[in-house]
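Coordinate analysis (summary)
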Amino acid sequence: MIRRFCRIMALSGALAPGGCGTIPLASLPALSRIDIATTDPAVLRVAVRLPDAVKPRPGGVTMDAVAQESGAADRTTTFLLVETRDPADVAGLPPDGLPGFATYAYRLSGGDLARFDALRRAVVRRHAEGRKVSLGFGIATKEFCRVAPLPPGPLPVTSYLMTSETGRYVILTEDADLRSLAKAGELAGLEPC
């Protein structure tokens, strides 16, 4: 299972990459504006640009939310992201015509939108009560399939995030090599789509 997981500590505004490489410096100002207390989960969009030889499997892209509270064990909740092709959801992404690449956009599924909003409100409430609490979330592409034979060399992947605060897609990781992120032999075993 290939995992891309970039974590944003939304309450504190601190940014911490978690195994996903470095967030570009140009993205930091926009990402620092994300506020879990005011963000609109219905606006949250994630996108990934991949070499066109691979594609995320349906159900293979998730968002893991990690609630951390002083003196308590971390609680992780996984939410399903579903592909969207709505013109409003893909506006602002690199053009699909980039040779050798395909871009996929995602949003929270209907049921998970309500679950994430409930979790977000609970964390905000606990924070307002004076508790040391934070909510981080990470986007993970866990399952891929093969559209065509994999080309030799690096397989550059770029990930994007849009929230109500950013108002546009912001690059989380740029041209990370999928080969270096995969476990040994994992890409060779990808099944056809």
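Everything that follows concerns the structure shown earlier in this document.
Description of the structure in this document. Predicted model, so just to flag it, every value in this text is computed and none were measured. (Residues numbered from 1 in each chain as written. Predicted model: local features only at pLDDT ≥ 70, side-chain atom pairs only at ≥ 80, totals over all residues. Heavy atoms only, no water.)

Okay, the side chain of T158 next. Counting through the fold element by element, T158 comes out in strand 10 (residues 156-162). Overall, the relative accessible area of 1% leaves T158 in the buried class. Side-chain polar atoms of T158 contact the backbone nitrogen of D175, separated by 3.0 Å. Leave out the neighbours within four places in its chain, and T158 touches A47, V48, R49, I171, T173, E174 and D175. (Helix = DSSP H or I, 4+ residues; strand = E, 2+ residues; numbered from the N terminus. Buried < 20%, exposed > 50% of the residue type's maximum accessible area, 1.4 Å probe, protein only. Polar contact = N/O pair within 3.5 Å; in protein donor to acceptor, adjacent residues only side chain to side chain. Contact = heavy atoms within 4.5 Å.)

All told, the structure shown has 2 cavities of 30 Å³ or more when counted by the stated rule. Each pocket or cavity is described by its volume, and for the second largest cavity that value is around 60 Å³. Residue lining of the second largest cavity: I36, T39, D40, P41, L44, F116, F137, T163 and S164, and that is the complete set. Residue composition of the lining of the second largest cavity, by class: 5 nonpolar, 3 polar and 1 charged. (1 Å grid on protein atoms, 1.4 Å probe; cavity = no way out; pocket = protein on both sides within 12 Å on 5 of 7 lines; lining within 4 Å. Points joined across faces, edges and corners; volume = space filled by probe spheres on them. Nonpolar A, V, L, I, M, F, W, Y, C, P; charged D, E, K, R; others polar.)

Side chains three or four residues apart in an α-helix point the same way, a direct result of the helix having 3.6 residues per turn. When the terminal C-alpha atoms of helix 3 (residues 110-128) are compared, their 27 Å separation across 19 residues agrees well with the 27 Å that a helix rising 1.5 Å per residue should span. Among all positions of helix 3, only D112, F116, L119, R120 and V123 are buried. Viewed along the axis of helix 3, the buried residues span an arc of 100°, placing them on a single side of the element. Exposed side of helix 3, more than 90 degrees from the buried face: G110, G111 and A128 are the residues found there. Those residues of helix 3 that are buried are in contact with strand 5 (61-69), strand 6 (75-84), strand 7 (101-108) and strand 8 (133-141). (Expected span 1.5 Å × (residues − 1). Arc of directions from axis to C-beta.)

Let us now look at the environment of A53. Within the fold, A53 resides in the loop between strand 3 (45-51) and strand 4 (54-56). C-alpha of A53 to C-alpha of C145: the two residues are 92 residues apart in sequence and 8.7 Å apart in space. Excluding anything up to four places from it in sequence, A53 contacts C145, R146, V147, A148, P149, L150 and P151.

With that out of the way, let us pick up the environment of R126. Along the chain, R126 falls in helix 3. Sequence separation of R126 and E69 is 57 residues, and the distance between their C-alpha atoms is 9.0 Å. Residues contacting R126, with those up to four places away along its chain left out, are E69, R131 and V133.

With that settled, the discussion passes to the packing of aromatic side chains. Summed over all chains, the structure comprises 2 aromatic pairs. For the ring pair F79 and F116, a centre distance of 5.5 Å and an interplane angle of 90° mean the geometry is edge-to-face. Highlighted residues: F79 in strand 6 and F116 in helix 3, separated in sequence by 37 residues. Owing to a relative accessible area of 3%, F116 belongs among the buried residues under this scheme. Between R49 and the ring centre of F101, over which it is positioned, the NZ or CZ distance is 5.5 Å. (Phe/Tyr/Trp six-rings, centres within 6.5 Å; stacked < 30°, edge-to-face > 60°. Lys NZ or Arg CZ within 6 Å of the ring centre and 35° of its normal.)

Moving on: the state of the cysteines. Enumeration according to the criterion identifies 1 disulfide in this entry. Here C145 is linked by a disulfide to C193, with a sulfur-sulfur distance of 1.9 Å. With the S-S bond torsion at 95°, the cross-link from C145 to C193 turns out right-handed. Of the two residues, C145 is situated in strand 9 (residues 144-146) and C193 in the segment after helix 4 (178-181); the sequence distance between them amounts to 48 residues. Judged by relative accessible area, C193 falls into the exposed class, the value being 54%. (Disulfide = S-S within 2.5 Å.)

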